[in-house]
Amino acid sequence: TLDDIPAEIIHEILLLLPQTSVLQFGLTCRGAYGLCLPALHCKVTLTAHNVTLFNKVKIVQNDPYLAWVRELQLGRSGEGSPTPSWDVLSNNQILSKFPNLNSLNTLYHEPMKGWAGLFYVLEILPPSTTQLVGSVACRADLDMWPIKRSFPSYKTLHLYLTMDSFIGHHPGESRMAPMLSSNFPNLVHFVLALPRFIYDLDLFLTRSYFPALRTFTLASFDWQWGSAQLSAAETRGLTIFLSRHAGTLRELDAPTWTADDNSVSLSGFSGMELQLHRLRGCIHFTTILGQSQTFASSLSALDLIWCCHDTPAIPPAVVLSVAHVCDVPAAIFLGGQSADAGLARLISMTPNLRALRVNMGREASVHPPA
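Since we're looking at a predicted model, the values are computed, not measured.

**Details of a nonpolar patch on the surface**
Right, on to step 1. A surface patch of nonpolar side chains, about 400 Å² in accessible area, is lined by L2, I5, I9, I13 and L17.
Right, on to step 2. Here I9 is to be found in helix α1 (residues 7–15).
Right, on to step 3. Judged by its relative accessible area of 42%, I9 falls in the partly exposed class.

Now the structure itself:
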């Protein structure tokens, strides 16, 4: 019977189910309802419409159910911009009331106010937090970022750096934290989406080392898709970053960037011992990474994105021949040949292909939260 199963096991099973199923099970009897409470409170979404009720009823009374919350998402406030009172990230009276929080997603909330705002949120969140997803409004406050402060519990970090619109701000004041890896020594998954005009990106790429990094996304939402290109210094920094993480990095996502075409800048890619399992990038960037002697031997999934750069219609055979799953845009078949001929050529160059997905769209941009 259900009584013979330990409550801890039931809790773990319920966490794997959608909340509608959990609720249906909880409505069967009083005992089942008690077992469902942790799962029903595991994921919480706060919006401007419910935060007032949440604040009065639960936080003031220190509701014990808050200890069951593991994933917190700050939802949209509704149509238009958030209301002035809708600022959870600057109110430690709210975030500090989740003692066992594992994940915080703030993408649909107002951006954190510069590096100081990011640090403020990190200081409030409990030591149990392993994932933070959110946008940061770039400001000239990098001196407020603690160089020696460490947050070892974090495994996943998604940062969307946006341009701040406050009066007197100039793009040149926006800088990337060069030593971010010292703050997050155990990071496994890192997404960095940033505006084109940000200083010290080359220093960040050159100096960073995340010992456990397995997936890395470098994206831009500031330029039209297919146009963002790293400078010569940033390209050299990227070669250092990828070489330094070659032993652990298995997935690379660069949907809106490519490297500088200068031969000196690209020289570091040929000696790189990449062991990627999955790559998502434009055709130009894929061709550049193909210079690595080990790149093709480990690749199993290749997601190609059409781009405006001067590249072959289809990447070299050495890249394609080892892909098990290939997702390609239909645009690569239209380089002066029919789509059927282009598809036949692609298949002939990919003898180990297990699955082919043709993407009819070209959209690959990363957009900041609305």
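**Re the packing of aromatic side chains**
Two measures describe an aromatic ring pair: the distance that separates the ring centres and the angle between the ring planes.
Right, on to step 1. Taken as a whole and judged by the stated rule, the model has 12 aromatic pairs.
Right, on to step 2. Measuring from centroid to centroid gives 5.8 Å for Y154 and F184, while their planes differ by 85 degrees, and the two rings are edge-to-face. Taken together, the positions of Y154 in the loop between β5 (131–138) and β6 (156–163) and F184 in the loop between α7 (180–183) and β7 (189–194) put the pair 30 residues apart, joining distant regions of the chain.
Right, on to step 3. Judged by relative accessible area, Y154 falls into the buried class, the value being 2%.
Right, on to step 4. Take F184: its relative accessible area is 1%, and that puts it in the buried class.
Right, on to step 5. Ring geometry for F216 versus F241: centroids 4.7 Å apart, planes at 40 degrees, classification tilted. Here F216 is found in strand β8 (residues 215–220), whereas its partner F241 is found in helix α9 (residues 232–244), with 25 residues between them in sequence. Each member of the pair, F216 as well as F241, is classed as buried.
Right, on to step 6. A connected cluster of aromatic rings, assembled from ring pairs, spans W115, F119, W145, F151, Y154 and F184.

**Side note on the pattern of salt bridges**
Right, on to step 1. Applying the stated criterion across every chain yields a total of 3 salt bridges.
Right, on to step 2. Ionic pairing is found between R280 and D253, a salt bridge with its closest N-O pair at 3.2 Å. Taken as a pair, R280 in strand β12 (residues 278–282) and D253 in strand β10 (residues 251–254) lie far apart in primary sequence, 27 residues in all.
Right, on to step 3. The exposure class assigned to D253 is buried, which follows from its relative accessible area of 13%.
Right, on to step 4. One salt bridge in this structure joins R280 and D303, with 3.5 Å as the shortest N-O distance. Residue R280 is located in strand β12, and its partner D303 is located in strand β13 (residues 301–305); the two are separated by 23 residues in the primary sequence.
Right, on to step 5. One salt-bridge network, held together by shared partners, links D253, R280 and D303.

**Observations concerning the packing of helix α2 (residues 19–26) against helix α3 (residues 30–40)**
Right, on to step 1. Contact geometry for α2 and α3: axes closest at 8 Å, N-to-C directions at 160 degrees. As far as their axial angle goes, α3 and α2 are roughly antiparallel. Considering the relative orientation of α2 and α3, their crossing is left-handed. Listed contacts from α3 to Q19, V22, L23, F25 and G26 of α2 are A32, Y33, C36, A39 and L40.
Right, on to step 2. Partitioned by chemical class, the residues of the contact of α2 with α3 number 8 nonpolar, 2 polar and no charged.

**Overview of the nonpolar core**
Right, on to step 1. Grouped together as the largest cluster of nonpolar side chains are 75 residues, with contacts concentrated most on L161, L180, F184, F190 and L242.
Right, on to step 2. Tallying contributions element by element places helix α6 (residues 114–124) first for this core, with 5 residues.

**Thoughts on the environment of S208**
Right, on to step 1. The residue S208 is located in the loop between α8 (201–207) and β8 in this model.
Right, on to step 2. For the pair formed by S208 and P178, sequence separation is 30 residues and the distance between their alpha carbons is 7.1 Å.
Right, on to step 3. If near-sequence neighbours (up to four positions away) are discounted, S208 is found in contact with P178, S181, F241, R244 and H245.
Right, on to step 4. Within polar-contact distance, the side chain of S208 engages the backbone oxygen of F204 at 2.6 Å.

**A few points about α6**
Along an α-helix, residues three or four apart share an orientation, since each turn contains 3.6 residues.
Right, on to step 1. Taken residue by residue, α6 has G114, W115, G117, L118, V121, L122 and I124 as its buried positions.
Right, on to step 2. Looking at the packing, one finds that the buried side of α6 touches α5 (92–95), β3 (103–105), β4 (112–113), β5, β6 and α7.

**Quick word on the pairing of β13**
Right, on to step 1. Judged by how many residues are buried, β13 sits mostly within the fold: 4 of 5 residues are covered.
Right, on to step 2. Sheet topology note: the β12/β13 ladder contains 5 bridges and is parallel. Counted as the bridge partner of L279 is L302 from β13.
Right, on to step 3. One ladder, built from 3 bridges, connects β13 with strand β14 (residues 325–329); its direction is parallel. Across the sheet, A301 pairs through a bridge with V325, a residue of β14.

**What about the confidence of the model for the protein chain?**
Right, on to step 1. Scored by pLDDT, the protein chain has a mean of 79; 75% of the residues are at 70 or more.
Right, on to step 2. The weakest mean pLDDT in the protein chain belongs to helix α4 (residues 51–59) at 61; the strongest belongs to β3 at 96.
Right, on to step 3. The low-confidence segment residues 362–370 (pLDDT under 50) makes 23 contacts with residues lying over four places distant or belonging to another chain.

**Focus on the side chain of S153**
Right, on to step 1. As for its position among the elements, S153 is in the loop between β5 and β6.
Right, on to step 2. A distance of 2.6 Å separates a polar atom in the side chain of S153 from the backbone oxygen of T129.
Right, on to step 3. The residues touching S153, leaving out its near neighbours within four places in the chain, are P127, T129 and T130.

Rules and cut-offs
- Residues numbered from 1 in each chain as written.
- Predicted model: local features only at pLDDT ≥ 70, side-chain atom pairs only at ≥ 80, totals over all residues.
- Heavy atoms only, no water.
- Patch = residues over 30% accessible without salt bridge, like charges linked within 9 Å, V, L, I, M, F, W, Y side chains within 5 Å.
- Areas by Shrake-Rupley, 256 points an atom, 1.4 Å probe, with all protein chains shown as cover.
- Salt bridge = Lys/Arg side-chain N within 4 Å of Asp/Glu carboxyl O.
- Helix = DSSP H or I, 4+ residues; strand = E, 2+ residues; numbered from the N terminus.
- Buried < 20%, exposed > 50% of the residue type's maximum accessible area, 1.4 Å probe, protein only.
- Phe/Tyr/Trp six-rings, centres within 6.5 Å; stacked < 30°, edge-to-face > 60°.
- Axes fitted to C-alpha atoms, helices over the stretch in contact; angles between N-to-C directions.
- Parallel < 35°, antiparallel > 145°, perpendicular 65-115°, else oblique.
- Left-handed = near helix turned anticlockwise from the far one by under 90°.
- Contact = heavy atoms within 4.5 Å.
- Nonpolar A, V, L, I, M, F, W, Y, C, P; charged D, E, K, R; others polar.
- Core = buried A, V, L, I, M, F, W, Y, C linked by side-chain atoms within 4.5 Å.
- Polar contact = N/O pair within 3.5 Å; in protein donor to acceptor, adjacent residues only side chain to side chain.
- Pairing = 2+ DSSP bridges.
- pLDDT = per-residue confidence, 0-100.

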